[in-house]
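As a plain string of letters, each chain reads:
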Amino acid sequence: MSGATVLVRPGSYHDSVTLMRVSRAVSALPGVEVAMVAMATALNVSIIEELGFAVPEAGPGDLLVAVRADDPRAAVEEAERQLSAAHRPQAAPKEQRPLTTRSAATAAEDAGLVLVSTPGEHAFAEAYDAIEAGRHVMIFSDGVPVAQERRLKELAEARGVLVMGPDCGTAVIAGTGLGFANVLSPGPVGVVAASGTGAQQVTCLLDRAGAGVSHVLGVGGRDLSAEVGGLSTVRALRMLDDDPGTELIVLVSKPPAPEVARAVRELPLRTPVVPALLREGGTDLTEAAEQALRLLGRPVPEWPAWPAWRGARPAAKRVTGLYSGGTLAAEAALITGSRNIVDFGDDAYTRGRAHPMIDPALRVEALATAGESDVVLMDVVLGHAADPDPAASLAHAVARSPATVVVALIGTEGDPQDLHRQAAAFREAGAAVFTSNAQAARHARSLL
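This one's a predicted model, so the numbers in the text were calculated from it and none came from an experiment. (Residues numbered from 1 in each chain as written. Predicted model: local features only at pLDDT ≥ 70, side-chain atom pairs only at ≥ 80, totals over all residues. Heavy atoms only, no water.)

Observations regarding the sheet that holds strand β11 (residues 248–253)
Turning to step 1, where the next piece is worked out: Taking strand neighbours across the sheet as the criterion, the six strands line up as β8-β7-β10-β9-β11-β12 in an open arrangement whose pairing is mixed. Strands with a single pairing partner mark the edges of an open sheet, and in this sheet they are β8 (176–179) and β12 (273–277). Strand-to-strand twist in this sheet, taken as the mean axis angle between neighbours without regard to direction, amounts to 25 degrees.
Turning to step 2, where the next piece is worked out: Sheet analysis places strand β9 (residues 186–193) next to strand β10 (residues 213–218), joined by five bridges and oriented parallel. From the neighbouring strand, V192 faces β10, where its bridge partner is L217. (Pairing = 2+ DSSP bridges. Helix = DSSP H or I, 4+ residues; strand = E, 2+ residues; numbered from the N terminus. Axes fitted to C-alpha atoms, helices over the stretch in contact; angles between N-to-C directions.)

Some points on the packing of aromatic side chains
Given two aromatic rings, their pairing is described by the distance between the two centres and the angle made by the two planes.
Turning to step 1, where the next piece is worked out: Evaluated as defined, the whole model comprises three aromatic pairs.
Turning to step 2, where the next piece is worked out: Between F124 and Y128 the ring centres are 5.8 Å apart and the planes differ by 45 degrees, which places this aromatic pair in the tilted class. One end of the pair is F124 and the other is Y128, both in helix α5 (residues 120–132) and four residues apart, which spans about a single turn.
Turning to step 3, where the next piece is worked out: Residue Y128 is classed as partly exposed on the basis of its relative accessible area of 24%. (Phe/Tyr/Trp six-rings, centres within 6.5 Å; stacked < 30°, edge-to-face > 60°. Buried < 20%, exposed > 50% of the residue type's maximum accessible area, 1.4 Å probe, protein only.)

Some points on the packing of helix α6 (residues 146–159) against helix α8 (residues 231–241)
The relative placement of two packed helices is expressed as an angle between their axes plus a distance between the axes.
Turning to step 1, where the next piece is worked out: Contact pair α6 / α8: the axes reach a minimum separation of 9 Å and the direction vectors enclose 35 degrees. Residues R150, K153, E154 and E157 of α6 lie in contact with α8, whose contacting residues are L231, S232 and R235.
Turning to step 2, where the next piece is worked out: Its residues placed into classes, the contact of α6 with α8 shows one nonpolar, one polar and five charged. (Contact = heavy atoms within 4.5 Å. Nonpolar A, V, L, I, M, F, W, Y, C, P; charged D, E, K, R; others polar.)

Considerations on the side chain of H14
Turning to step 1, where the next piece is worked out: Looking at the secondary structure, you find H14 in the loop between β1 (3–9) and α1 (16–27).
Turning to step 2, where the next piece is worked out: At 3.5 Å, the side chain of H14 forms a polar contact with the side chain of S12. (Polar contact = N/O pair within 3.5 Å; in protein donor to acceptor, adjacent residues only side chain to side chain.)

Comments concerning the pattern of salt bridges
Turning to step 1, where the next piece is worked out: Applying the stated criterion across every chain yields a total of 17 salt bridges.
Turning to step 2, where the next piece is worked out: A salt bridge links K153 to E149; its shortest N-O distance comes to 2.8 Å. You can see K153 and its partner E149 sitting in helix α6, four residues apart, about one turn around the helix.
Turning to step 3, where the next piece is worked out: The salt bridge partner of R318 is D374, with a shortest N-O separation of 2.6 Å. With R318 in strand β14 (residues 318–323) and D374 in strand β16 (residues 374–381), this residue pair connects regions lying 56 residues apart in the sequence.
Turning to step 4, where the next piece is worked out: Relative accessible area serves as the criterion here: at 40%, R318 is assigned to the partly exposed category.
Turning to step 5, where the next piece is worked out: Here the salt bridges do not stand alone but share partners, grouping E149, K153, R222 and D223 into one network. (Salt bridge = Lys/Arg side-chain N within 4 Å of Asp/Glu carboxyl O.)

Here we look at unusual backbone geometry
Leaving glycine aside, a negative phi is the common case for residues, and trans is the common case for peptide bonds.
Turning to step 1, where the next piece is worked out: Here G165 and P166 are connected by a cis peptide whose omega angle stands at 0 degrees.
Turning to step 2, where the next piece is worked out: Structurally, P166 can be placed in the loop between β6 (163–164) and β7 (170–173).
Turning to step 3, where the next piece is worked out: Phi at D167 is positive, roughly 60 degrees, even though this residue is not glycine.
Turning to step 4, where the next piece is worked out: Inspection of the secondary structure assignment puts D167 in the loop between β6 and β7.
Turning to step 5, where the next piece is worked out: Residue D167 is classed as partly exposed on the basis of its relative accessible area of 45%.

See below:
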């Protein structure tokens, strides 16, 4: 008979990716029913309690090890062994590494860009040092106050450099991906995106159609707001306009502030710009990619889709969205009209845990609790930095779910997860699979 235990390790911090890996490893041990190793944030505590554990008092700086197993003590010991191994000191480097962003930028004279990925409250100082050193900067961190974002971008404008972010999850510079990035063929289309997954959707479709990408410049989800004023968007558009390898630009964003949109439209650019600004009655991401292809004089292909092996439940009454990408979730909400679309990549869900493109746990749990009358619509995003095999956990959850499942599979032929293998696994689990999120959303709506 199994037993359950919850261990609290006060003040023991580990990063969310390490904790996710340890949780998976312990969960895979023989005799372990469930294991979760996580920081004691409010969200993680609520999840552990929903799994049936009694959680002792703990704060967000404390570590929780929750195990239900035939031998919970042995499982906890294995979790602690793996955590200790993850933090085992490395051999001392032969040369002293730079201790600050400014000293690193000074030492690496050839480096043109600094990537900042720290907790949001520390990102401002590192990005400020990078800009002062004359470097472009990509701020992967979220949780940066909007006033700090505005100040960084004003400083960048004065220094003649680009700030990508904060909360910039995706960029591709001359074929090199940063953050979550797909394997893309080189080509004539440049992308400026206030959305990571929105940029990934557009570029994956363009890649499928044989129209490659020059650069993808993320600007952060708030850049086109009235508070920030589109500072990075304007600089990024001008940079791509000056790039001889860019023949067309796609601008991806949720609806901008009207005055910012007007300023962007009035920019004197030589390069044509295709807007993909998600709004009621506007162009969706797939339609924007198709418009770009037509402007380039290229044919629009059939976007691959794999119908479900099992039919929809006859009692389907609502569409529920379980998304990892905010813009993909917004697009799905616009097309389906559903108010039950959840973006698990939102800051509220990622504090103290890995992004859902890496860690499937929250969506696995949501699939298990979906009802027979639900049509569950979800994205699965491939590429570097994402889950190396999302079907390994999510497809099993799809097969066990009582709901009808529709998957938007965002990826390219070159991605390491193997797009066709992923599609086959989800289809075999009973899901309908589409490479266009807009088409997936329309299919989900049609099942009601």
